[in-house]
Amino acid sequence: MSERPSSPSTVSAPLTPAMPVPTLLGKRRSTAHDENGSSRNPIATSPTLATAATNTQTVTTLVHGGASRVSLRGKKASRPAEKPSIPFPTSSRPAPPVLTATHAGFADIANRLLNMSQSPAIPTSSRELGLGKRPRPSATRTKPTGEQKQAIAQATSPLWRTLEAKRKVVIAATLDYELLGSLPYAGSMVTPGMLREGLLTPDTAYHAWVGAKRAIEERPGGEWDLAAILKTALQYYLVELGALMLDSVNGPHYTFVDPRLHDNSRAMVKYAMRLTKLFAKKGYSRDRIVVTIPATEAGVQAAKTLERKHSVQTNLTLVSGLVHAAVCAEAEATCITLCYKELSEACGRKSTSSNPFVKAWETMLAPSKGLADEAIQATTAYFNLHKLQSAILVTNLRNVYDAKRLGEFDAVVFDAGQSLQARAPASGVLPATGPSAGTSATRQAHEAQYPTSFLASNNGAFLSEMPADARTVARVTLAEGLKDLTEQMFKTAMHMLEFLQGEAQLAQVDDIGLQAFYEEDEKEADRLAELNAAGLSAEPLIPVRWYDVGFRLRFSSWDQPAGFHTQDEVSECRVIERGGNWTQDRSDSRNPALPQ
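Definitions and cut-offs
- Sequence order as written defines the numbering, with residues in each chain counted from 1.
- pLDDT decides what is reported in this predicted model: residues at 70 or higher carry local features, side-chain atom pairs at 80 or more are listed and counted, and totals for whole chains, interfaces and linings draw on all residues regardless.
- To obtain the side-chain values, all non-hydrogen atoms of the structure were used and water was disregarded.
- For helices the rule is a DSSP run of H or I covering at least 4 residues; for strands it is a run of E covering at least 2, with both sets numbered from the N terminus onward.
- Contacts are assigned to residue pairs with any non-hydrogen atoms lying within 4.5 Å of each other.
- Shrake-Rupley sampling with a 1.4 Å probe provides the accessible areas, and residues are treated as covered by the protein chains on show and by no other component.
- Criterion for a salt bridge: a side-chain nitrogen of Lys or Arg within 4 Å of a carboxyl oxygen of Asp or Glu.
- Partly exposed residues are those whose accessible area sits between 20% and 50% of the maximum for their type, while under 20% is buried and over 50% is exposed, using a 1.4 Å probe and protein chains only.
- For a helix, the expected span equals 1.5 Å multiplied by the number of residues minus one.
- Definition of nonpolar core: a set of buried residues of the types Ala, Val, Leu, Ile, Met, Phe, Trp, Tyr and Cys, connected through side-chain atoms within 4.5 Å.
- A fitted line through C-alpha atoms represents every axis, and for helices the fit uses only the stretch in contact; the resulting angles, taken between N-to-C directions, go from 0 to 180 degrees.
- The cut-offs work like this: below 35 degrees is roughly parallel, past 145 is roughly antiparallel, 65 to 115 is roughly perpendicular, and the gaps in between are oblique.
- Crossings are classed by handedness, with left-handed meaning an anticlockwise turn of the near helix from the far one by less than a right angle and right-handed meaning a clockwise turn.
- Pairs of strands are assigned from DSSP output, requiring at least two bridges between the strands.
- Whether a crossover is right-handed depends on one test, that the path from the first strand over the helix to the second runs clockwise when the strands point away from the viewer.
- Only protein atoms enter the calculation, which uses a 1 Å grid: trapped sets of points that fit a 1.4 Å probe without letting it out are cavities, open sets showing protein on both sides within 12 Å along at least five of seven lines are pockets, and any residue with an atom within 4 Å of a point is a lining residue.
- Grid points are joined across faces, edges and corners, and a volume is the space filled by probe spheres set on the points.
- Just so you know the grouping, Ala, Val, Leu, Ile, Met, Phe, Trp, Tyr, Cys and Pro go in nonpolar, Asp, Glu, Lys and Arg go in charged, and all remaining residues, Gly too, go in polar.
- The aromatic pairing rule takes the rings of Phe, Tyr and Trp, using the six-membered ring of Trp, and pairs them if the centres are within 6.5 Å, calling planes under 30 degrees apart stacked, those over 60 edge-to-face and the rest tilted.
- For a ring to carry a charge above it, either NZ of a lysine or CZ of an arginine must fall within 6 Å of the ring centroid while also lying within 35 degrees of the normal to the ring plane.

K.L.:
Looking at this structure, how should I read the overall build of the chain?
P.N.:
The number of helices and strands found in the chain is 23 helices and 13 strands. Partitioning the intrachain contacts of the chain with sequence separation of at least 6 by distance along the chain shows that 69% fall at a separation of at least 24. Summed over its atoms, the accessible surface of the chain is roughly 34,200 Å², and 53% of this surface lies on carbon and sulfur atoms.

Next up, the structure:
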């Protein structure tokens, strides 16, 4: 429906100075309401005013000087010009609160909200969408300048090319070896989630099997310490995948320590040194290996030890902002990683007020995505301002084009889908700009303390030394990120542990002893076979472990040739699992006397 034309009549309303009055739905309060205090009784309205109110619509707009203008739209309005009419209440709901001079905080927020730029209207007509006949070119139309042509080319070029033009590189976080060998990645990265993903793919699951077999063969003293074997098997699996990535991609490879060790500095140092030695045995020097460590208090101390004492390159991940990044720079970490998704969730939980209404307004004016962008921009501006040596990586982007506005970072991590999207032409996507002079991010970078001394005080417990808002964001970012990392690592470990338990069982039990564990399975299989031979169906009383080696050794009669079974033997040997998932039929189809 089209909007009715506005009436030219405008009336100035008495308002609180320097405060906008928004349009309120439901009951309204007039000056008489304010005079009566908290009274909820409706004010009598003359029939003329009531009629005018029902045929008009009040629209309040903000004009220069902080004043407001009330425009009336609709039918002809007959009411006194010196006082606006008040629509009669049409519902029994409580009237919303009136904004007065005492609500200074709300007035400031509302003023900022009303002055925000409105989003452009969505085109709906063919002319707006550029469809149909093209208009004739104007003779006075000017040709685009060189700068305009460059802006148009930048807007339509692939995101990958735009990043390369700004000297930003792309790190691969994918197990797609075809992409690894074809796209110009500057490095590779493996994560706990990728380990879990690799176990579900035959090509990469083979490397997990190789790692487990090597761990079993190298177990000290021949003892079946499953915890120690599992730890070694996971390390071998991690190195096997890393070696394949290093062969496919030039540049450094980002491996990681077990995130379940995030609160144990010594264990993380030992784990990182073990990975470095395993890569060295495969011919990869330390300058191509970067060990990713969670940026907890213990993780920062571990990175400091590895960098200064062992010359091992480290990457502190789950960094939450400027202050947290400054702490990581104190530890002389080679890289720091800001995880966009976790940082956005943490910024969404940050609140500067206990008032729920103020929280709602702050969320509308500064959404979590905007706060995360500002945190990353401030961090990059701080590192560039003070020429800090640690490289800044950005990962876990929700949209690949977010990388264009996140400041002067050094590298971005893309998975397979994001990589393909970044290589495609980006027509219609406007280039984003980083922090400029006078922006909030740049101001934060200039106002932040430098140099910092968080690690020198309180034995490296830097979280307690951080400002309250930065400490809250850091703790939430670490908690959310570690929850996901440890969950993925746990699933990977349980998958490999199941294989190791089977190998241990086969190694410790002989054939006769192994078959003894499946006596009940054999009895249940015989019962099901007899019922099936009689043409009856029955539910299994216990789950039969059809595929286990011990059951197959006990139940099979591989020493007897096929085709020489009696009727009773065939009835016992015909086994059909309910549902058709597994079938064992030792009958000879050449003997017509045997039931088919």
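K.L.:
Could you clarify how one ought to interpret the pattern of salt bridges in this entry?
P.N.:
Side chains bearing opposite charge may pair, as long as their charged atoms lie close to each other. Within the structure shown, the criterion is met by 12 salt bridges. Here E240 makes a salt bridge to K282, at a shortest N to O gap of 3.3 Å. Linking E240 in helix α10 (residues 226–248) with K282 in the loop between α11 (265–281) and β7 (289–294), this pair joins segments that are 42 residues apart in sequence. By relative accessible area, E240 is classed as buried at 13%.

K.L.:
Hey, could you run me through unusual backbone geometry in this one?
P.N.:
With the exception of glycine, most residues fall at negative phi, and the peptide bonds are largely trans. Each neighbour pair has its own omega, and for Y450 with P451 the value is -5°, a cis peptide bond. A positive phi angle, close to 60°, is found at R167, a residue other than glycine. By the secondary structure assignment, R167 is in the loop between α6 (159–165) and β4 (169–172). R167 gets classed as exposed once you look at its relative accessible area, which sits at 78%. Despite not being glycine, E332 shows a phi value in the positive range, around 60°.

K.L.:
I would appreciate a short explanation of helix α12 (residues 297–309) in the present structure.
P.N.:
Since there are 3.6 residues in each turn of an α-helix, residues three or four apart along the chain are aligned in direction. Its 13 residues place the ends of α12 18 Å apart at the C-alpha level, agreeing with the 18 Å of an ideal helix rising 1.5 Å per residue. Directly beyond the C-terminal end of α12, a positive phi value near 55° is found at S311.

K.L.:
Sorry if this is basic, but what is going on with the nonpolar core here?
P.N.:
Most often, soluble globular proteins keep nonpolar side chains buried together rather than apart. In this structure, Y185, F414 and M496 are the most contacted members of the largest nonpolar core, which totals 112 residues. Of the residues forming this core, the biggest block, 12 residues, is contributed by α10. If sequence neighbours within four positions are ignored, F414 has contacts with L159, L163, V170, I171, A172, A173, L397, V400, S419 and A422. If you look at the next biggest cluster of nonpolar residues, it comprises 8 residues, including Y518, L528, W546 and F551.

K.L.:
Please explain the packing of α10 against helix α19 (residues 468–508) as it appears in this structure.
P.N.:
Packed helices, taken two at a time, are described by their axes: the angle between them and the distance between them. Contact geometry for α10 and α19: axes closest at 10 Å, N-to-C directions at 120°. In this view, α10 runs oblique relative to α19, as classed from their interaxial angle. Helix-helix and strand crossings are classified by hand; for α10 and α19 the assignment is right-handed. Of the residues in α19, those touching α10 at L226, I229, L230, A233, L234 and Y237 are M489, T492, A493, M496, L497, L500, Q501 and A504.

K.L.:
Before we go on, may I ask you to explain the sheet that holds strand β10 (residues 391–395) in this structure?
P.N.:
Across a sheet, paired strands are connected by hydrogen bonds in the backbone, their directions being either parallel or antiparallel. The strand order β4-β5-β6-β7-β8-β9-β10-β11 describes a closed barrel built from 8 strands, whose pairing is parallel. Neighbouring strand axes in the sheet, compared pairwise and without regard to direction, differ in orientation by 30° on average. Relative to strand β6 (residues 253–256), strand β5 (residues 187–189) runs parallel, the two being bridged by 2 bridges. Bridge pairing in β6 places M189 opposite Y254. Docked against the sheet, α10 engages β5, β6 and β7, running at close to 170° with respect to β6. Against the sheet, α12 makes contact with β7 and β8 (313–317), and its axis sits at roughly 165° relative to β8, the strand it touches most.

K.L.:
I keep staring at the pairing of β4 and nothing clicks. Help me out?
P.N.:
Where a strand is regular, its side chains alternate between the two sheet faces. One ladder, built from 4 bridges, connects β4 with strand β11 (residues 411–414); its direction is parallel. When the bridges of β11 are listed, A172 appears paired with F414. Direction of pairing for β4 relative to β5: parallel, over a ladder of 2 bridges. Considered in β5, the bridge of I171 is made with G187. Following the backbone out of β4, through helix α7 (residues 177–182) and into the adjacent parallel β5, one traces a crossover that is right-handed.

K.L.:
Mind showing me how you'd approach the layout of surface pockets here?
P.N.:
Take a probe with the size of a water molecule and roll it over the atoms, and the empty space left behind shows itself. As a volume, the second largest pocket reaches approximately 820 Å³. Residue classes in the lining of the second largest pocket are distributed as 18 nonpolar, 14 polar and 7 charged.

K.L.:
I'm lost on helix α13 (residues 322–330) in this one. Help?
P.N.:
Counting buried positions along α13 gives 9 out of 9 residues, so the element sits mostly inside the fold. One or two residues past the end of α13 sits E332, with phi positive at roughly 60°.

K.L.:
Would you mind going over the pairing of β11 with me for this structure?
P.N.:
Side chains A411 and V413 project from β11 onto one buried face, and the interleaved V412 and F414 project onto a second face that is buried too. For β10 and β11, the ladder comprises 2 bridges, and the chain directions are parallel. Among the inter-strand pairings, V394 is bridged to a residue of β11, identified as V412.

K.L.:
What is the right way to look at the packing of aromatic side chains in this model?
P.N.:
Tallying each qualifying case throughout the model produces 5 aromatic pairs. Ring geometry for Y382 against Y450: centres 6.2 Å apart, planes inclined by 75°, an arrangement best described as edge-to-face. You can see Y382 sitting in helix α16 (residues 368–386) and its partner Y450 sitting in the loop between α18 (440–447) and α19, a full 68 residues away along the chain. According to the relative accessible area criterion, Y382 is buried, its value standing at 1%. Residue classification places Y450 among the partly exposed residues on the basis of a relative accessible area of 42%. One aromatic cluster in this structure is built from Y382, F383 and Y450. In this arrangement the basic side chain of R214 is found over the ring face of Y236, its NZ or CZ atom lying 4.1 Å from the centre. Here the guanidinium or amino end of R423 rests over the ring plane of W160, the centre of that ring lying 5.1 Å away.

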